[in-house]
Amino acid sequence: MTETEEPHGELALRTLAMPADVNVSGDIFGGWVLAQMDIAAGMAAGQRAQGRVATIAVDAMKFIRPVRVGDVLCIYTHIARVGTSSMGVAIEASQVRQ
């Protein structure tokens, strides 16, 4: 997603990046961002499945710019594919600088 693009999907999670989540460079750990995205995708998939779900794979992850302490991270989800025993969830994250 570029600076001017609007995110696709439904807002699934909104959270604040905190000092406890920084790496040695002072940016938020990529793993923390990925974890927030997994939580949002799990909520969207669970709602669609009307039951328990589990993440089995992440096809791709691309970091465009760092998340900083105080940024509000917004995660958007869209159910992209539904099969008989699995589904694909498209996820986009964007941040609001504070």
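Residues numbered from 1 in each chain as written. Predicted model: local features only at pLDDT ≥ 70, side-chain atom pairs only at ≥ 80, totals over all residues. Heavy atoms only, no water.

- With an unreviewed UniProt entry as reference, the protein chain is termed Acyl-CoA thioesterase YciA, source organism Aliiruegeria lutimaris.
- Under the heading Sequence similarities (unreviewed entry), UniProt records this for the protein chain: "Belongs to the acyl coenzyme A hydrolase family." (UniProt positions renumbered as here; feature names shortened; annotations may be inferred.)

1. Observations regarding the pattern of salt bridges
For step 1, the next point in the chain: The full count for this structure, using the stated rule, is 2 salt bridges.
For step 2, the next point in the chain: Between D27 and R68 there is a salt bridge whose closest N-O contact spans 4.0 Å. Taken together, the residues span a long stretch of sequence, with D27 in the loop between strand 1 (10-16) and helix 1 (30-49) and R68 in the loop between helix 1 and strand 2 (72-82) at a distance of 41 residues.
For step 3, the next point in the chain: A salt bridge links D71 to R97, with the nearest nitrogen and oxygen atoms 2.5 Å apart. Taken as a pair, D71 in the loop between helix 1 and strand 2 and R97 in the segment after strand 3 (87-96) lie far apart in primary sequence, 26 residues in all.
For step 4, the next point in the chain: We classify D71 as buried; its relative accessible area is 2%.
For step 5, the next point in the chain: Exposure remark for R97: the relative accessible area of 38% places this residue in the partly exposed category. (Salt bridge = Lys/Arg side-chain N within 4 Å of Asp/Glu carboxyl O. Helix = DSSP H or I, 4+ residues; strand = E, 2+ residues; numbered from the N terminus. Buried < 20%, exposed > 50% of the residue type's maximum accessible area, 1.4 Å probe, protein only.)

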